[in-house]
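If you want the building blocks of each chain, they are given just below.
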Protein chains: 4
Amino acid sequence: MRALAQANSGDAVGYGADPWTDKAAAALRAAFGAKGGVFFVFTGTAANVLGLSLLLRPYEAVICPETAHVNVDECGAIERILGNRLHTVATPDGKLTPGLVASRLGDRGDEHRAQPGVVAISQVTELGTCYTLAELKALREFCRAEELRLYVDGARLANAAAHLGCSLADLAAHADVLSFGGTKNGAVGAEAVVVMDAEPAASAPFLRKQQTQLASKMRYLAAQFLGLMEDELWLRNAGRANAMALRLADGVRDVPGVELCQAVESNAVFARLDPAHISRLLRDWQFYVWDPAGSVVRWMTAFDTPKPDIDAFIADVRRTSESG
Amino acid sequence: MRALAQANSGDAVGYGADPWTDKAAAALRAAFGAKGGVFFVFTGTAANVLGLSLLLRPYEAVICPETAHVNVDECGAIERILGNRLHTVATPDGKLTPGLVASRLGDRGDEHRAQPGVVAISQVTELGTCYTLAELKALREFCRAEELRLYVDGARLANAAAHLGCSLADLAAHADVLSFGGTKNGAVGAEAVVVMDAEPAASAPFLRKQQTQLASKMRYLAAQFLGLMEDELWLRNAGRANAMALRLADGVRDVPGVELCQAVESNAVFARLDPAHISRLLRDWQFYVWDPAGSVVRWMTAFDTPKPDIDAFIADVRRTSESG
Amino acid sequence: MRALAQANSGDAVGYGADPWTDKAAAALRAAFGAKGGVFFVFTGTAANVLGLSLLLRPYEAVICPETAHVNVDECGAIERILGNRLHTVATPDGKLTPGLVASRLGDRGDEHRAQPGVVAISQVTELGTCYTLAELKALREFCRAEELRLYVDGARLANAAAHLGCSLADLAAHADVLSFGGTKNGAVGAEAVVVMDAEPAASAPFLRKQQTQLASKMRYLAAQFLGLMEDELWLRNAGRANAMALRLADGVRDVPGVELCQAVESNAVFARLDPAHISRLLRDWQFYVWDPAGSVVRWMTAFDTPKPDIDAFIADVRRTSESG
Amino acid sequence: MRALAQANSGDAVGYGADPWTDKAAAALRAAFGAKGGVFFVFTGTAANVLGLSLLLRPYEAVICPETAHVNVDECGAIERILGNRLHTVATPDGKLTPGLVASRLGDRGDEHRAQPGVVAISQVTELGTCYTLAELKALREFCRAEELRLYVDGARLANAAAHLGCSLADLAAHADVLSFGGTKNGAVGAEAVVVMDAEPAASAPFLRKQQTQLASKMRYLAAQFLGLMEDELWLRNAGRANAMALRLADGVRDVPGVELCQAVESNAVFARLDPAHISRLLRDWQFYVWDPAGSVVRWMTAFDTPKPDIDAFIADVRRTSESG
């Protein structure tokens with residue numbers, strides 16, 4: 001917010017030809033080691049649509065986990081705006097592996113089938129897990145060998161960097177295009193599409209405008225990233241959110257009737273509980289019930305979740321569990 | 001073919017305003033009890049695209065079996081041309097049930113999710129099975145109660161009518177829009193989209209043209225259906241194909257190492273065999289290996305498959321099986 | 001900006017279920033007399049795409065002036081995201097009339113032609129002119145009689161209301177869907193899509209999400225409109241911008257070699273000048289050269305353009321003109 | 001038709017892997033000098049959609065004459081199926097020139113504008129005129145210099161070759177992709193998309209299937225072209241149609257009140273007449289009234305138009321004219 005107020009002083013040229021945008025884009029290009037370019041948009045869905053559109057031909061499909069945001073949570077934006085198909089793969093932990101991708105390559109060369117063109121992963125995944133750098137490297141090498149491009153939905157990339165203790169460039173080294181989320185990490189509403197190579201980046205200005213995402217007052221988007229990049233605020237925010245998730249996980253780990261379903265590697269905790277207990281907790285707290293059966297929940301922490309709230313919540317989980 | 005030659009004599013007005021088209025459309029409207037209209041197109045994929053486009057809003061999804069032709073065999077035509085998503089459901093036998101459809105209705109009202117709008121089934125299914133009339137009725141009633149429209153991919157609808165011993169109108173009574181396949185039943189290349197009610201039919205001429213399927217010499221498409229409708233040739237052709245499939249199934253049923261995987265209710269036989277035996281059979285015969293593991297095959301019969309070919313094939317399966 | 005800072009205090013539920021969004025939407029619904037709903041998006045292009053998508057069937061075309069923003073300045077977003085055609089009409093002043101619309105209705109009922117479905121106008125137009133209320137009424141009545149829907153691109157609707165001295169409801173009375181621009185009237189980046197009737201509004205939440213425009217922190221968009229609606233700031237901003245344009249027009253009206261090309265009815269002045277003079281002015285000032293020949297310019301004023309800047313510019317135009 | 005009957009004897013593998021398709025495609029590749037490939041589809045609209053889809057990126061526009069079939073007569077198929085915009089240019093005779101194309105290149109590099117990518121011409125044009133080989137060469141060289149690709153809608157390419165006395169290869173030498181129409185030259189319903197280079201051809205099988213145009217019994221499409229290519233039947237048919245148009249033009253040229261509007265360079269005659277005379281002729285003859293004012297007509301001849309019909313029509317035009 002402080003960054004926003006500074007961008008509001010004085011006039012500026014529209015549509016991104018302003019010093020804020022230049023500076024923010026340069027900062028991100030440097031942090032990611034991106035030779036292509038950085039393009040700001042307003043929402044995570046928009047970032048995924050733009051990012052994938054840079055990598056896809058019209059008859060190609062995107063291989064992604066069944067749980068992927070592009071498959072589940074974007075009201076069919078990929079299909080509507082890009083017209084491409086998703087080839088989904090069931091995963092235990094939200095992560096693709098070379099083997100899982102290979103299982104969807106059988107249709108190659110068959111004109112009756114959309115051709116696999118891009119592998120899309122989320123880092124952090126929708127199940128709160130992280131790919132290790134070794135896993136990313138293996139996936140990328142497999143993709144290269146198979147002439148597949150690799151897209152990373154990084155709505156929570158900051159949380160992955162915080163968890164892995166690596167740089168953004170370490171993560172980006174294994175991708176063709178990534179998004180880098182600001183909104184879930186303290187920004188008002190700003191996402192960046194990071195394009196590693198020059199060739200796909202050349203289309204990005206036109207595709208961003210066509211996809212309704214060119215801000216006339218771009219400096220307000222850029223200012224949010226300038227704020228996040230200053231003194232690595234993005235990393236501190238994400239680290240704090242991750243720490244709160246770990247505190248929460250540790251606090252409920254031994255509560256009878258509570259089972260952690262996924263490794264806690266970001267700012268999300270997935271747990272299995274008695275559906276009756278879930279209902280009781282929902283009276284006082286807001287969180288997402290993950291499965292249709294109503295027995296798995298996703299508890300998210302944020303950069304500004306107060307420690308006392310976590311502790312109060314843990315106490316409530318414990319109390320609910322004990323009350324039978 | 002004879003029908004085609006007759007359509008070639010003399011001049012005719014273009015784009016369907018000719019007596020052949022009128023007569024063929026009237027014959028199909030009567031046979032299906034369709035109050036909307038009948039629209040000829042060139043391919044099965046085109047029929048599915050046109051049929052679904054009459055029933056979908058832009059933010060809606062199609063609930064269909066994982067095995068559906070629209071999901072597997074049309075190179076993403078629905079996603080590309082219509083921009084709609086498919087919500088796929090795993091099935092044991094290629095058939096949807098009210099319960100399976102219900103399992104995909106959880107997202108209703110959630111703006112992050114494409115909204116279920118149409119249920120698409122195939123009759124005959126891609127696994128060679130048929131919905132009984134009672135099953136169709138139950139599915140339609142469920143759809144009505146849930147404000148879902150019902151589309152039937154009838155590329156092999158004739159084979160279903162032949163198997164069930166029912167009329168086309170009996171099948172159509174439980175659908176909003178159906179396709180009726182000519183190509184797989186002896187025609188050169190002609191499919192009909194049958195629209196039961198007037199309202200969706202009003203858009204069909206424009207959508208057919210936009211979807212590249214308006215024939216300038218429509219009489220050649222119509223003539224193929226006139227040929228099929230004459231003396232119920234469509235039913236005799238389908239009945240003959242079904243009988244050949246049954247003959248084949250009966251012939252291999254007791255061969256050691258051959259397991260029939262699906263009920264034989266049309267012109268398709270699905271069987272599980274030793275992959276090595278499959279390879280050997282493929283040296284002399286053309287058929288489709290169904291699964292990635294290479295142990296399930298689909299054997300199709302046609303209206304003109306000669307009985308001796310069936311018997312020779314049965315003998316070959318038996319010989320291959322015995323050779324170890 | 002002040003409004004934004006207030007929205008930043010405290011937590012809030014995501015995706016628009018917050019008190020700011022409720023309050024801002026209610027204020028706009030009341031101001032427009034809209035029975036449908038109000039939907040916030042980030043950009044003017046997004047507002048046009050969403051607004052038109054509520055009114056179009058897939059085989060329909062949009063009748064609009066050749067100069068329309070949707071035709072000229074959105075990188076083909078309508079064609080790409082909606083798949084609909086634009087039927088453009090040449091106009092002297094950026095305004096459609098019943099007669100001009102009628103000239104594009106000849107194709108009705110011809111399946112080879114996209115069918116006119118929506119008339120799209122801009123109020124203020126791209127040439128800075130305004131439709132009078134009587135002109136709007138006549139156009140709407142013609143549309144009703146012809147079963148055409150009417151969309152208003154209101155990126156500068158505030159300037160029209162200020163010029164005409166009428167309410168937003170007066171303008172909205174003659175439309176099916178309008179956009180209401182915040183960005184060009186002082187906001188950071190926020191546009192509203194105002195849907196007059198309930199039926200098209202029902203699709204809007206899903207289409208907005210699908211079109212990548214659902215803000216997770218919607219309160220920041222809403223807060224901008226709350227700020228604009230408070231004490232009619234929107235009207236004062238627009239009135240001030242209009243007054244500066246008039247001051248500019250009056251100041252250059254009698255300069256030899258300067259010809260005003262369009263009525264000055266908003267915050268834009270269109271003038272014809274010697275191309276050499278235009279080049280000289282562009283050294284010190286930023287404005288848009290309108291025509292390929294380089295002899296017509298568009299001078300825009302904003303809510304915060306200082307009077308001295310206007311006067312300095314007038315003096316420069318005069319000096320340039322006299323210098324020969 | 002004779003060709004069709006031959007293709008009907010015996011079995012054949014589906015989807016184009018048959019000897020007819022191989023032979024027909026080879027014959028066309030040789031005739032056009034095409035290193036890419038030849039792809040059969042069912043309609044002229046489909047040929048244009050497929051042909052353009054091989055050459056366009058998503059943010060690009062097609063520069064074409066206002067009269068182009070893709071602009072006027074395809075119910076918005078390009079916009080719907082490809083999502084690309086058309087940039088139309090007014091022409092006196094249906095023909096683009098380097099100068100006319102250049103007039104639409106002003107937006108290059110501006111992210112608010114769809115970027116010109118392909119120039120689409122028709123040979124024969126929709127006004128019955130032909131580009132000379134020199135005109136084609138000049139246009140192609142201009143396109144190359146401007147990095148634009150050139151598509152030729154050749155629904156009546158045969159008529160152009162007949163008029164110009166040149167080979168198909170002569171015409172193809174100046175294009176990236178062409179269609180070659182069979183339907184308007186005696187075929188039942190078959191068009192070919194001829195791709196000159198290998199790179200765009202690689203996408204064609206998938207795009208054809210996705211665009212609903214893959215024939216399972218491809219041999220029937222191929223057989224039509226085999227028939228047309230045998231002993232240059234395509235050229236004799238087109239030459240005969242052209243000769244009939246010339247006979248018609250010569251017959252009415254000196255009739256008072258009849259003015260030929262376009263050069264007669266194919267099988268079309270455009271004439272201006274008294275609207276009352278047009279109405280009278282329409283009682284007995286079928287032809288297209290070209291302009292909204294009802295004073296320009298298009299008279300088409302076909303490969304099988306009988307000379308006596310032409311002469312009877314000329315006599316009728318003369319009689320109508322004299323009757324006042």
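Residues numbered from 1 in each chain as written. Chains lettered and ligands numbered in written order. Predicted model: local features only at pLDDT ≥ 70, side-chain atom pairs only at ≥ 80, totals over all residues. Heavy atoms only, no water.

K.L.:
Tell me about the relation of the copies chain C and chain A, and please be specific about residues and values.
P.N.:
The two copies are related by a screw motion: chain C maps onto chain A through a turn of 180 degrees and a shift of 0.0 Å along the axis, at an RMSD of 0.0 Å. The transformation relating the two chain copies, once decomposed into turn and shift, fits a two-fold axis. Using C-alpha coordinates, one finds that chain C approaches the rotation axis most closely at Ile81 of chain C, a distance of 2.6 Å. Comparing interface residues between copies, 100% of those in chain C also sit at the interface in chain A, which points to an isologous, same-surface contact. (Least-squares fit on C-alpha atoms with pLDDT ≥ 70 in both. Contact = heavy atoms within 4.5 Å.)

K.L.:
Go over the pairing of strand E11 (residues 296-300) of chain C with me, naming the residues and quoting the values.
P.N.:
Residues and elements named next belong to chain C. As judged from the 5 bridges shared by strand E9 (residues 268-272) and E11, these two strands associate in the antiparallel manner. From the neighbouring strand, Arg272 faces E11, where its bridge partner is Val296. Bridge count between strand E10 (residues 288-289) and E11: 2 bridges; the pairing is antiparallel. Paired with Val289 across the bridge in E11 is Val297. Taken together, E10 and the strand that follows it, E11, pair antiparallel across an intervening segment of 6 residues, in which Gly294 is found at a positive phi of about 80 degrees. (Pairing = 2+ DSSP bridges. Helix = DSSP H or I, 4+ residues; strand = E, 2+ residues; numbered from the N terminus.)

K.L.:
Report on empty space enclosed by the protein, specifying residues and quantitative values.
P.N.:
Going through the model one piece at a time under the given rule, you end up with 7 cavities of 30 Å³ or more. Empty space within the largest cavity amounts to approximately 270 Å³. Lining the largest cavity are 22 residues, with Arg80 of chain A, Pro58 of chain B, Pro58 and Leu82 of chain C together with Arg80 of chain D sitting closest to its centre. Taken together, the residues of the lining of the largest cavity sort by class into 10 nonpolar, 8 polar and 4 charged. Here the second largest cavity defines a volume of roughly 150 Å³. (1 Å grid on protein atoms, 1.4 Å probe; cavity = no way out; pocket = protein on both sides within 12 Å on 5 of 7 lines; lining within 4 Å. Points joined across faces, edges and corners; volume = space filled by probe spheres on them. Nonpolar A, V, L, I, M, F, W, Y, C, P; charged D, E, K, R; others polar.)

K.L.:
I'd like a description of the packing of helix H12 (residues 219-229) of chain C against helix H13 (residues 233-252) of chain C, backed by residues and values.
P.N.:
All names here are of chain C. Where H12 meets H13, the closest approach of the two axes is 5 Å, and the angle between their N-to-C directions is 75 degrees. When the axes of H12 and H13 are compared, the pair comes out roughly perpendicular. Contacts between H12 and H13 pair Gly227, Leu228 and Met229 from the former with Leu233, Trp234 and Asn237 from the latter. By residue class, the composition of the contact of H12 with H13 is 4 nonpolar, 2 polar and no charged. (Axes fitted to C-alpha atoms, helices over the stretch in contact; angles between N-to-C directions. Parallel < 35°, antiparallel > 145°, perpendicular 65-115°, else oblique.)

K.L.:
Report on helix H3 (residues 44-53) of chain A, specifying residues and quantitative values.
P.N.:
By the criterion of burial, H3 of chain A is predominantly enclosed, with 9 of the 10 residues buried. When H3 of chain A is considered as a whole, its buried residues turn out to be Thr45, Ala46, Ala47, Asn48, Val49, Leu50, Gly51, Leu52 and Ser53 of chain A. (Buried < 20%, exposed > 50% of the residue type's maximum accessible area, 1.4 Å probe, protein only.)

K.L.:
Before we move on, could you go through the domain arrangement of chain A and cite the residues and values that matter?
P.N.:
All names here are of chain A. Taken as a whole, chain A is organised into domain 1 (2-233) and domain 2 (235-323). For domain 1 and domain 2, the distance between their C-alpha centroids amounts to 28 Å. With 21 residues of domain 1 in contact, the opposing surface of domain 2 contributes 18 residues. For the pair domain 1 and domain 2, the summed buried surface comes to about 1,600 Å²; carbon and sulfur atoms form 48% of the total. Of all residues in domain 1, Leu127, Asn159 and Leu233 give up the largest surface area on contact with domain 2, accounting jointly for 29% of the area buried on that side. (Domains from an automatic or database assignment. Buried area = accessible area lost by both parts, 1.4 Å probe.)

K.L.:
Could you give an account of the packing of aromatic side chains, with specific residues and numbers?
P.N.:
According to the stated counting rule, one finds 46 aromatic pairs over all chains in the structure shown. Measuring from ring centre to ring centre gives 4.3 Å for Phe42 of chain B and Phe42 of chain D, while their planes differ by 15 degrees; the resulting arrangement is stacked. Of this pair, Phe42 of chain B sits in the loop between strand E1 (37-41) and helix H3 (44-53) while Phe42 of chain D is found in the loop between strand E1 (37-41) and helix H3 (44-53), placing the two residues in two different chains. Assigned by exposure class, Phe42 of chain B and Phe42 of chain D land together as buried. On the basis of an interplanar angle of 10 degrees and a centroid distance of 5.1 Å, the ring pair of Tyr59 of chain B and Phe206 of chain C is categorised as stacked. With Tyr59 of chain B in the loop between H3 and strand E2 (60-65) and Phe206 of chain C in helix H11 (residues 204-210), this residue pair bridges two chains. (Phe/Tyr/Trp six-rings, centres within 6.5 Å; stacked < 30°, edge-to-face > 60°.)

K.L.:
Which residues make up the sheet that holds strand E11 (residues 296-300) of chain A, and what are the values?
P.N.:
Each strand in a sheet pairs with its neighbour through backbone hydrogen bonds, running either in the same direction (parallel) or in the opposite one (antiparallel). All names here are of chain A. With antiparallel pairing, 4 strands are arranged side by side in an open sheet as E8-E9-E11-E10. With one partner strand each, in any of the chains shown, strand E8 (259-260) and strand E10 (288-289) form the two edges of the open sheet. Taken together, the 2 bridges between E8 and strand E9 (residues 268-272) define a ladder with antiparallel strand orientation. When the sheet's bridge partners are listed, Leu260 is paired in E9 with Ala271. Lying on the sheet, helix H13 (residues 233-252) is in contact with E8, E9 and E11; it crosses E9 at an angle near 20 degrees.

K.L.:
Describe the relation of the copies chain C and chain B, listing the residues and the values that go with them.
P.N.:
A rotation about an axis combined with a shift along that same axis relates the two copies of the chain. Relative to chain B, chain C is turned by 180 degrees and slid 0.0 Å along the rotation axis, the superposed coordinates differing by an RMSD of 0.0 Å. In this assembly the copies share their binding face: 100% of the residues contributing to the interface of chain C also contribute to that of chain B.

K.L.:
If you had to explain the pattern of salt bridges to someone new, which residues and values would you point to?
P.N.:
Taken as a whole, this structure holds 60 salt bridges over all chains when the rule is applied. Linking Arg318 of chain D and Asp254 of chain D is a salt bridge whose minimum nitrogen-to-oxygen distance equals 3.3 Å. With Arg318 of chain D in helix H15 (residues 307-322) and Asp254 of chain D in the loop between helix H13 (233-252) and strand E8 (259-260), the pair connects residues that are 64 residues apart, well separated along the chain. A salt bridge links Asp316 of chain D to Arg319 of chain D; the nearest nitrogen and oxygen atoms lie 2.5 Å apart. Here the residue Asp316 of chain D and the residue Arg319 of chain D both occupy positions in helix H15, the gap between them amounting to 3 residues, near one helical turn. We classify Asp316 of chain D as buried; its relative accessible area is 13%. Bridged by salt links that share partners, the residues Arg57, Glu60 and Arg149 of chain A form one connected network. (Salt bridge = Lys/Arg side-chain N within 4 Å of Asp/Glu carboxyl O.)

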